[in-house]
Amino acid sequence: MHSYPEPALDLVARMTEAAAADPARAAAFQGAPGCNSHRAALEYDSQCLPLPCFSFEDALDAVKEGRADRAIIPIENSQHGRVADIHFLLPESGLSIVGEHFMGIEHALMALPREDGTTGPFSGAYSHPQALGQSRHYLRERGIVPMAYADTAGAAAFVREQNDPEACAIAPKLAAELYGLKIVEENVEDAADNTTRFVVLAREPLDPFALRGEKAMTTFIFEVKNIPAALYKALGGFATNGVNMTKLESYQIGASFAATTFYADIEGAPGEPRIDLALQELAFHCKYVRPLGTYAQARSRG
């Protein structure tokens, strides 16, 4: 908790205390109060008790240890790609994906006004690297240097703490309200359709059969055998069984570079014959297949 800037510490303490009193309603998120993950937790479940955590690992640990019922983690952004390394974090945590949430991202430029109420000009803007990347054209046109910070709302609290009129933050409007900053300009993101996908994680997976009648997603990781055309053969079962794969990413584990692990999202749930057949064929060509969760689609991929 003490890694947060001073202006955020009281809010973090109060929210942590509320979550501790009713962990069944607690939803852990990474960042300071007022960040986009805080917004996403409230959008996903307006009755939840948001629990701020300094890192993604801290948020997952809160669920593992029973201090929160779930965690909500951003994993990809329409403008700037991957957000969290869920490929590494989730398998290590032992948690399961039980939901997803898409949220439109609106960034505001905010600063501490001078005594006369004026702001700027600014030499540097603090924010999470994702937010800086999503606003890079705006910053470049104005000659403002991007300065990376752990999260958007934490950057707002840091600007308040520094009391530097040449510093500003890019964060959700909620952060300006929480930390007493003035919004200089709204919607500084470079694309109007800027969207982040979040996943909801819990200790126990959902039963795929409970999702019958709903459009479902299934997420898993796998490593193919180290033989020619293994990936081509492994993925063939999804095509022949009419299964739509909406995401496939490769990543390395360890320093050998000898084997590649893949992260995939498919439409459908185990228990459907076409899904079971495709996963069986995948497993035949793999060293292992590890499910990460089956959950209801938040929106159509069509």
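Here, every reference points to the structure presented above.
Residues numbered from 1 in each chain as written. Predicted model: local features only at pLDDT ≥ 70, side-chain atom pairs only at ≥ 80, totals over all residues. Heavy atoms only, no water.

Draft legend 1. Looking closely at the overall build of the chain. Secondary structure summary: the chain contains 10 helices and 15 strands in total. Taken over the C-alpha trace, the chain has a radius of gyration of 21 Å; the compact-globule value for 302 residues is 19 Å, and the two agree within 12%. Expressed as lengths along the three principal axes of its C-alpha atoms, the size of the chain is roughly 70 × 45 × 40 Å. Every one of the 302 residues in the chain was classed for burial, and the buried ones make up 50%. (Helix = DSSP H or I, 4+ residues; strand = E, 2+ residues; numbered from the N terminus. Rg over C-alpha atoms; globule rule 2.2 N^0.38 Å. Buried < 20%, exposed > 50% of the residue type's maximum accessible area, 1.4 Å probe, protein only.)

Draft legend 2. Main features of unusual backbone geometry. Looking along the chain, the bond that leaves Gly120 and enters Pro121 is cis, with omega of -5°. Looking at the element boundaries, Pro121 is found in the loop between β6 (108–111) and β7 (124–127). Phi is positive for Asn163, which is not a glycine, with a value near 55°. Take Asn163: it is sitting in the loop between α7 (152–162) and β9 (167–171).

Draft legend 3. Structural view of the sheet that holds β6. If you trace the 5 strands from one edge of the open sheet to the other, you get β8-β7-β9-β6-β10, paired in mixed fashion. Edge positions in the sheet fall to β8 (145–148) and β10 (182–185), since each has one partner strand and no second. In this sheet, adjacent strand axes meet at a mean angle of 35° when their direction is disregarded. For β7 and β8, the ladder comprises 4 bridges, and the chain directions are parallel. Its bridge partner lying in β8, Ser127 is registered against Ala148. Here α7 sits on the sheet in contact with β6, β7 and β9, set at roughly 155° to β9. (Pairing = 2+ DSSP bridges. Axes fitted to C-alpha atoms, helices over the stretch in contact; angles between N-to-C directions. Contact = heavy atoms within 4.5 Å.)

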